Structure formats: structure tokens, C-alpha cells
Amino acid sequence: MDRGKLEESFLELIRRASTSLPPDVEAAMRRGIEAEGEETSAASSLSLMLENARQAKEGETPICQDTGALVFYIEYGPDFRQKEIEEAARAATVKATERYYLRPNAVDPVTGANSGNNLGEGAPDFHFDQRYDDGLRVRLILKGGGSENVGSQYKLPDGRLKAGRDLAGVRKCILDTVYNAQGKGCAPGVVGACIGGNRGTSFACSKKQLLRDLGDTNDDPALAELEESLMKELNSLGIGPSGFGGKTTVLGVKIGKLHRLPACFFVSVSYVCWAYRKAFMSVKGGEVAYDWD
Ligand code: SF4
């Protein structure tokens, strides 16, 4: 695929991510409306969020004014070159900012200067994975700042939470994060957690869980059970949409794991708000496809 077409494909991917709510998220919010009951304020909040998303899609405008940080997960075969993919994605990011699909969101932490085009050190955030088979598969998350701020990392055992080095301890960490996020992070949200790894890999793995479909089931039976029970438990906390009360505090809980050092037991929790913007693209033999077309 030539460079111009690749850049246009990335631009379309960013546009879709910024302006449309993924179908699994929309379906989960509709289930939330049903669970809350038509006449409740929680159901009205969820309906307003969906109406906001509908108008954004129709008008090709961002779902939220904070269009977040771009996080790309890219798998590519021998027919693609990493450097060229990155250049195309960066050029598309600049164009997407010019077209107002993205707000300028890359700020130098030392000078305070905004780059104005979403490019900077570590911005966008790229994760590359080379494959043997031809083709390109790109997954993009636009991660808003409010929800990023409420993520947490724990080192077990944790005396404050009385959490030990087991799944019961992990459960306490996830409950603690969601409890502390109330009133912030724009609930209902989705939790991506990781057990194990080191300080860095643990957080990266927790964020990667956010790529999973909300309707999937964890391959690990123990984690599948924990995801299901936490989903019920978190939705019984009463926090509800926007923190104003209700039965819909989270739309999904996804938990991954990484092998750990014997001396370390980290639990990292990433949280994403209801404006859960993710989009997928695959390129094969010059043909571009976007999931849920
Ligand atoms: S947390 Fe999400 S919905 Fe709330 S302001 Fe940030 S991006 Fe928007």
C-alpha cells in the first residue's frame, strides 16, 4: 500500500475512534438503561450520553471535548515497514487535529507548551508487534485524561486494604480503585486490570485489556470468574452514571496476568470512562477494513 493511502486509512481510523461509540459499549449502556428502569435519573443520564454519542457520529464531531491520548497497538507483517507505518500514523494525527477530530493534547511537562498537533515525546503512544504473515492490524484507543487520572497501582500485600497476595487481594484493589473514582472519571466506566509483571509492564498490560470486546470471556477460568463476580459487585456499589447513584457503575471488567518476580506482586488498574473510544483497522492486499462496518 502506498504511503498516501496508508495515511488516509489512519486518518479515517482516528475519525471513527473520536466520533463513534463502539457497538459493544453502546449495547452495554442500553443494558444499563434496562437495568435502571425507564423512569430513573440513572437511565436518563445513560440516555443522554447515548444521544450525545449519536449526535457526535451524525455530525462527525468528537464524542467528548477531551479527545484523549492516542494509544496505537500495531501488528504488521513482512510487507510493511515499522518506520513507514509510524510516519503515516503521525502524519494522520496532525491532519486529524487540523480537522478537529482531535483536540491538541500533547503538553511538554517542563515548559508547559502544547505542541498543537498531538505529536511529542511518547505521543502518540505506539506498541508494535511484528508478525510472520502479511498484512497490518491496528487497534487504537483514545484515552481521556479524567479517566487516566483515576487508574492505580498496588503492591501486595497491602496493609491499608488488608489485601494479600491472592485473587481475594486483587478483588480488593479493583474495588478500591472504582470506589475512589466516584465523582471523577465519568462513570460508567470499564476496568482493565493486570496481575503481576513489573511496575511498567503491569500498567501496560492493564491498559491492553481495554481492547477486549465487552462481551468476551477470559480464557483463564479463575480470571473469568473474578471478572464476572466483580462486575456484579461493582454495580451494587450504588455509584451509578456520573456518580449520581444507580446500578450501572461499570460496563465491563477485564483482567490479564503476567508472570512476576517472587518478591513482587503488582496489581495495576486502568479505568476508561463511558466515552470509551476504540477503533480497529486491518489492511490486507491493499484492502482496508474497519471492524463493525
Ligand atoms: S473522563 Fe471521559 S467523558 Fe469524562 S471528560 Fe474525560 S474523556 Fe470526557
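A. Region of the structure containing the nonpolar core. Counting 75 residues, the largest nonpolar core has Ile14, Leu140 and Val191 as its most contacted members. The element that contributes the greatest number of residues to this core is helix 1 (residues 3-19), accounting for six residues. Residues from two domains meet in this core; each of domain 1 (3-17 + 63-144 + 277-290) and domain 2 (146-272) gives at least three. Setting aside chain neighbours within four positions, we find Val191 in contact with Ile174, Val178, Val250, Val253, Lys254, Val269 and Tyr271.

B. Layout of the pairing of strand 8 (residues 277-284). Relative to strand 8, strand 3 (residues 136-143) runs antiparallel, the two sharing seven bridges. Bridge pairing in strand 8 links Leu142 to Arg277. Note: strand 8 against strand 9 (residues 287-290), four bridges, orientation antiparallel. Within the sheet, the bridge partner assigned to Ser282 lies in strand 9 and is Ala289. The loop that links strand 8 with its antiparallel partner strand 9 comprises two residues; one of these, Gly285, has a positive phi angle of about 55°.

C. Looking closely at the environment of Pro104. Structurally, the position occupied by Pro104 is in the loop between helix 4 (82-98) and strand 2 (125-130). Residue class for Pro104 comes out partly exposed when judged on the 13 C-beta atoms lying within 10 Å of it. Between the C-alpha atom of Pro104 and that of Leu119, which follows or precedes it by 15 residues, the distance is 8.8 Å. If near-sequence neighbours (up to four positions away) are discounted, Pro104 is found in contact with Thr97, Asn114, Ser115, Gly116, Asn117 and Asn118.

D. Representation of the domain arrangement of the protein chain within the structure. Under the domain assignment, the protein chain is made up of domain 1 (3-17 + 63-144 + 277-290) and domain 2 (146-272). On the side of domain 2, seven residues touch domain 1, which itself brings eight residues to the contact. Elements that contribute at least two residues to the side of domain 1 that touches domain 2 include exactly strand 1 (69-76) and strand 3. Broken down by element, the side of domain 1 that touches domain 2 gets its largest block of residues, three residues, from strand 3. The class makeup of the residues in the side of domain 1 that touches domain 2 is three nonpolar, one polar and four charged.

What counts, and where the lines are drawn
- Residues numbered from 1 in each chain as written.
- Predicted model: local features only at pLDDT ≥ 70, side-chain atom pairs only at ≥ 80, totals over all residues.
- Core = buried A, V, L, I, M, F, W, Y, C linked by C-beta atoms within 7 Å.
- Buried ≥ 20, exposed ≤ 12 C-beta atoms within 10 Å, placed from the backbone.
- Helix = DSSP H or I, 4+ residues; strand = E, 2+ residues; numbered from the N terminus.
- Domains from an automatic or database assignment.
- Contact = placed C-beta atoms within 7 Å.
- Pairing = 2+ DSSP bridges.
- Nonpolar A, V, L, I, M, F, W, Y, C, P; charged D, E, K, R; others polar.

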